[in-house]
Amino acid sequence: MVISVKTDKSDILALLRSSEDYVSGQQLCKQFGVSRTAVWKAINQLKEDGYEIEAVSHRGYRLLESPDVLSQSEVLSRLTTKWAGRTLHYLEETGSTNIDAKRCAEEGEPHGTTVIAEKQVAGRGRRGRNWESPAGSAIYMTIMLKPDFVPDKASMLTLVMALSVADAIAEKTNLPAGIKWPNDVVVHGKKVCGILTEMNVESDYIQYVVIGVGINVNNAAPEEFPEEIRDKATSLKIESGMTISRAELLERVLVHFEKNYDTFVRTLDLSLLMEAYEARLLNLGREVEVLDPRGAYTGVARGINGTGELLVETENGEMIEVYAGEVSVRGIYGYV
Ligand code: ATP
């Protein structure tokens, strides 16, 4: 794994992207304090990565087209966060980005370190389920955190991330991004994103938390999903008809997460985020089935409490606070 510093490549990419006109080689050398050869090499690397860059003598370089790549340079060249994703690892293929991010934590990397991958061969969901992770169309990312709060607060982070992903999708597309409690992001009744939060605790202290996010972005057709999930999985492209830049969306997820996380740590509960979360909560006011391993029951979802539990009112008027740990919630007529 390569430790990232902001590379010349991503700096040059950012400058080309923000310039309407040609940028001269000389300007690039001066701005980044590098040689002509270094600029030339970086431009060639970008071309190899699929960027269409026009070079005109006496005028300089101009970016004509960016491919939908998730590479380190593409994301770093867009990044506007303070700490989220500032140390970034990109892997073409990996088992699971959560496992990579755990290793980063153990190797002493900083809070906010993010691992992204083009493809996962062992993507996981909650309770040992798997997350389908084909290459080329989705975002697989994990952000690693080193919080200094007590372990029982960490489960709320999964809701903070769901809110952030839904906010980012709503910002980048015209889609109504909702949340199925606690952490599935859903568009038009189908799942576009799953989140898996894991942590390492030693003697009552959180060593680190990793939050893995899988977002189906440009999967072109329902047939691209395995048959067994086709009725509940979809992508942003299938729902909007538009191709969405994965790097731009990923950057927005990091921006929203950084903001929401900083809000969360002010109170260490969801009090300041509850309104925004409930505004996206698709279960609200609807009948749900709580698949509790001790016995399933139904009721009407009334919202969440300050610690992120789902409030379910049962038929006899009792209000149950459902803890996400070991249950799934379903709509009684379908997935939501
Ligand atoms: P659910 O309510 O769907 O059971 P969950 O939070 O318990 O939610 P997750 O861990 O988020 O489940 O996701 C795992 C499940 O998501 C899998 O069992 C499968 O049904 C579904 N799934 C797997 N891959 C994808 C994908 N790429 N897109 C959408 N859904 C998927």
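To keep things clear, this report deals only with the structure shown in the data block. Since we're looking at a predicted model, the values are computed, not measured. (Residues numbered from 1 in each chain as written. Predicted model: local features only at pLDDT ≥ 70, side-chain atom pairs only at ≥ 80, totals over all residues. Heavy atoms only, no water.)

1. A look at the pairing of strand E12 (residues 310-313)
Inference 1: Bridging between strand E11 (residues 297-304) and E12 involves 4 bridges; their strand directions are antiparallel. When the sheet's bridge partners are listed, valine 300 is paired in E12 with glutamate 313.
Inference 2: With antiparallel pairing between neighbouring strands as the criterion, E11 and E12 make up a hairpin whose turn holds 5 residues, including glycine 308 at a positive phi of roughly 90°.
Inference 3: Here E12 runs beside strand E13 (residues 319-322); their pairing, made up of 4 bridges, is antiparallel. (Pairing = 2+ DSSP bridges. Helix = DSSP H or I, 4+ residues; strand = E, 2+ residues; numbered from the N terminus.)

2. Structural notes on the site of the ligand
Inference 1: Every one of the 18 residues lining the ligand counts as a neighbour, but Arg126, Arg129, Lys180, Asn216 and Arg330 are closest to it.
Inference 2: Within the contact set of the ligand, a nitrogen atom lies 2.9 Å away from a backbone nitrogen or oxygen of glutamate 132.
Inference 3: Asparagine 216 is positioned such that a nitrogen or oxygen atom in its side chain is 2.9 Å from a nitrogen atom of the ligand.
Inference 4: Relative to its unbound accessible area of 620 Å², the ligand is 94% covered by the protein chains.
Inference 5: Among the residues forming the shell around the ligand, the class breakdown is 4 nonpolar, 5 polar and 9 charged. (Near = heavy atom within 4 Å. Polar contact = N/O pair within 3.5 Å; in protein donor to acceptor, adjacent residues only side chain to side chain. Areas by Shrake-Rupley, 256 points an atom, 1.4 Å probe, with all protein chains shown as cover. Nonpolar A, V, L, I, M, F, W, Y, C, P; charged D, E, K, R; others polar.)

3. Section: the environment of threonine 173
Inference 1: In this structure, threonine 173 sits in the loop between helix H6 (157-172) and strand E6 (177-180).
Inference 2: The class of threonine 173 is buried, set by a relative accessible area of 8%.
Inference 3: The spacing of threonine 173 and glutamate 251 is 78 residues in sequence and 14 Å in space, taken between C-alpha atoms.
Inference 4: Side-chain polar atoms of threonine 173 contact the backbone oxygen of isoleucine 169, separated by 2.7 Å.
Inference 5: Looking at threonine 173, its side chain comes within polar contact range of the main-chain nitrogen of leucine 175, at 3.1 Å. (Buried < 20%, exposed > 50% of the residue type's maximum accessible area, 1.4 Å probe, protein only.)

4. With respect to the side chain of threonine 97
Inference 1: In this fold, threonine 97 is placed in helix H5 (residues 97-106).
Inference 2: Leave out the neighbours within four places in its chain, and threonine 97 touches Val115, Ile116, Ala117, Gln120, Tyr140, Met141 and Thr142. (Contact = heavy atoms within 4.5 Å.)

5. Let's talk about the environment of tyrosine 51
Inference 1: Mapped onto the fold, tyrosine 51 is located in the loop between helix H3 (36-48) and strand E1 (52-56).
Inference 2: Among the residues examined, tyrosine 51 registers a relative accessible area of 3% and is labelled buried.
Inference 3: C-alpha separation for the pair tyrosine 51 and lysine 180, spaced 129 residues apart in sequence, amounts to 37 Å.
Inference 4: Residues within four places of tyrosine 51 in sequence aside, it is in contact with Leu13, Leu46, Leu63, Glu65, Ser66, Pro67, Val69, Ser71 and Glu74.

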